[in-house]
Amino acid sequence: MKVPQDASVQQYLDVIADEIERADSIIEEVLDYSRAPRLDVEPIEVNRAVKEYLPLLEIPAGIHVVLDLMQGLPRVAADEFKLKQVLANLINNAKDSMKGTGTLRLITSLDPGPTDAETPEGVGYVRIDISDTGPGIAPTDLPKLFDMRFHTSKRRGGTGLGLSICRKIVESHQGFIKVMSTQGQGATFSVFLPVKES
């Protein structure tokens, strides 16, 4: 906590208030991570959730938002509040990484998912890609990105817990999350949610 030597009492109080708010936020994130997600699952149209929630986030005027939403996507079985929590965290991280200027791209699509033994055969996924044109993520940081002990604030504006919570929420929906990044060329976080069986 740095305060100018000639700061007024009010400036000191403002800084203290900001630090208390930040501490409260970190404590809340720790509690969120430690709790098992309680899900209120219902059929969700991902495109609708994206379009309804995006305007509620504070996107700087210098960031160009591009939506590329695949029409006719099947619904997913999800807790809409938790899904929007994931979207908010990933979008805010992307926004913060660009320092007020760049392009934020949200893409939805239908994806067959990975072809590995752990994925049930025939399960399709609704995929949400959130891409930014920020500085990207160092290759050495990528394997640690979802570790709650890994502090990301200097890299992408977070406390280090947000991405861990995102992964926990997505996995509680039987989905998964991936990240691709080339340093100096931005990053893309991809959320995969299984299609709701008809």
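Parameters at a glance
- Residues numbered from 1 in each chain as written.
- Predicted model: local features only at pLDDT ≥ 70, side-chain atom pairs only at ≥ 80, totals over all residues.
- Heavy atoms only, no water.
- Phe/Tyr/Trp six-rings, centres within 6.5 Å; stacked < 30°, edge-to-face > 60°.
- Helix = DSSP H or I, 4+ residues; strand = E, 2+ residues; numbered from the N terminus.
- Buried < 20%, exposed > 50% of the residue type's maximum accessible area, 1.4 Å probe, protein only.
- Salt bridge = Lys/Arg side-chain N within 4 Å of Asp/Glu carboxyl O.
- 1 Å grid on protein atoms, 1.4 Å probe; cavity = no way out; pocket = protein on both sides within 12 Å on 5 of 7 lines; lining within 4 Å.
- Points joined across faces, edges and corners; volume = space filled by probe spheres on them.
- Core = buried A, V, L, I, M, F, W, Y, C linked by side-chain atoms within 4.5 Å.
- Contact = heavy atoms within 4.5 Å.
- Arc of directions from axis to C-beta.
- Expected span 1.5 Å × (residues − 1).
- Polar contact = N/O pair within 3.5 Å; in protein donor to acceptor, adjacent residues only side chain to side chain.
- Pairing = 2+ DSSP bridges.
- Axes fitted to C-alpha atoms, helices over the stretch in contact; angles between N-to-C directions.

A. A look at the packing of aromatic side chains. One pass over the structure, following the stated rule, counts 4 aromatic pairs. Each ring, one from Tyr 125 and one from Phe 176, has its centre 5.2 Å from the other, and the planes form 75°; the classification is edge-to-face. With Tyr 125 in strand β5 (residues 125-132) and Phe 176 in strand β6 (residues 176-181), this pair connects stretches of sequence that are 51 residues apart. One exposure class covers both Tyr 125 and Phe 176, and it is buried. Judged by centre distance (6.4 Å) and plane angle (80°), the rings of Tyr 125 and Phe 192 are edge-to-face. Taken together, the positions of Tyr 125 in strand β5 and Phe 192 in strand β7 (residues 187-194) put the pair 67 residues apart, joining distant regions of the chain. Relative accessible area serves as the criterion here: at 4%, Tyr 125 is assigned to the buried category. The class of Phe 192 is buried, set by a relative accessible area of 5%.

B. Highlighting the pattern of salt bridges. Tallied over the entire structure, the rule returns 7 salt bridges. For Lys 84, the salt bridge goes to Glu 52, with nearest N and O atoms at 3.9 Å. Placement of the pair is Lys 84 in helix α3 (residues 80-97) and Glu 52 in helix α2 (residues 46-53), with a sequence separation of 32 residues. Owing to a relative accessible area of 41%, Glu 52 belongs among the partly exposed residues under this scheme. One continuous salt-bridge network, built from bridges that share partners, spans Arg 48, Glu 52, Glu 80 and Lys 84.

C. Looking closely at empty space enclosed by the protein. Applying the stated criterion across every chain, the model contains 1 cavity of 30 Å³ or more. Estimates place the volume of the largest cavity at around 40 Å³. Lining the largest cavity, in full, are Ala 78, Leu 83, Val 86, Ile 169, Val 170, His 173, Val 191 and Leu 193. Mapped onto the lining of the largest cavity, the elements with two or more residues apiece are α3, α5 (162-172) and β7.

D. Summary view of the nonpolar core. Leu 90, Ile 91, Leu 104, Ile 130, Phe 189 and Val 191 are the most contacted members of the largest nonpolar core, which has 39 residues in total. Ranked by residues supplied to this core, first place goes to α3 with 7 residues. When neighbours within four sequence positions are excluded, Ile 130 is seen to be in contact with Leu 87, Leu 90, Ile 91, Ala 94, Leu 104, Arg 105, Leu 106, Ala 187, Thr 188 and Phe 189.

E. Inspection of α2 at higher detail. Buried within α2 we find Val 46, Asn 47, Ala 49, Val 50 and Tyr 53. For α2, the arc enclosing every buried residue in end-on projection is 165°, short of the 170-degree limit, so these residues lie on one face. In this structure, the buried residues of α2 make contact with β1 (42-44), β2 (63-69), β3 (76-78), α3, β4 (102-111) and β5.

F. Expanded view of α3. Over its 18 residues, α3 extends 26 Å from the first C-alpha to the last, a length consistent with the 26 Å expected when each residue adds 1.5 Å. Burial analysis of α3 places 14 of its 18 residues in the buried class, which makes it a mostly covered element. Two or three places before Phe 81, at the start of α3, stands the capping residue Asp 79, its side-chain oxygen 3.0 Å from that residue's backbone nitrogen. Downstream of α3 by a residue or two, Lys 99 has a phi angle that is positive, lying close to 55°.

G. Structural detail: the sheet that holds β7. In space, the 5 strands of this open sheet follow the order β2-β4-β5-β7-β6, with mixed pairing throughout. This sheet does not close on itself; its edge strands, each paired only once, are β2 and β6. If you compare each strand with its neighbour and ignore which way they point, the axes differ by 15° on average. Pairing between β4 and β5: 7 bridges, direction antiparallel.

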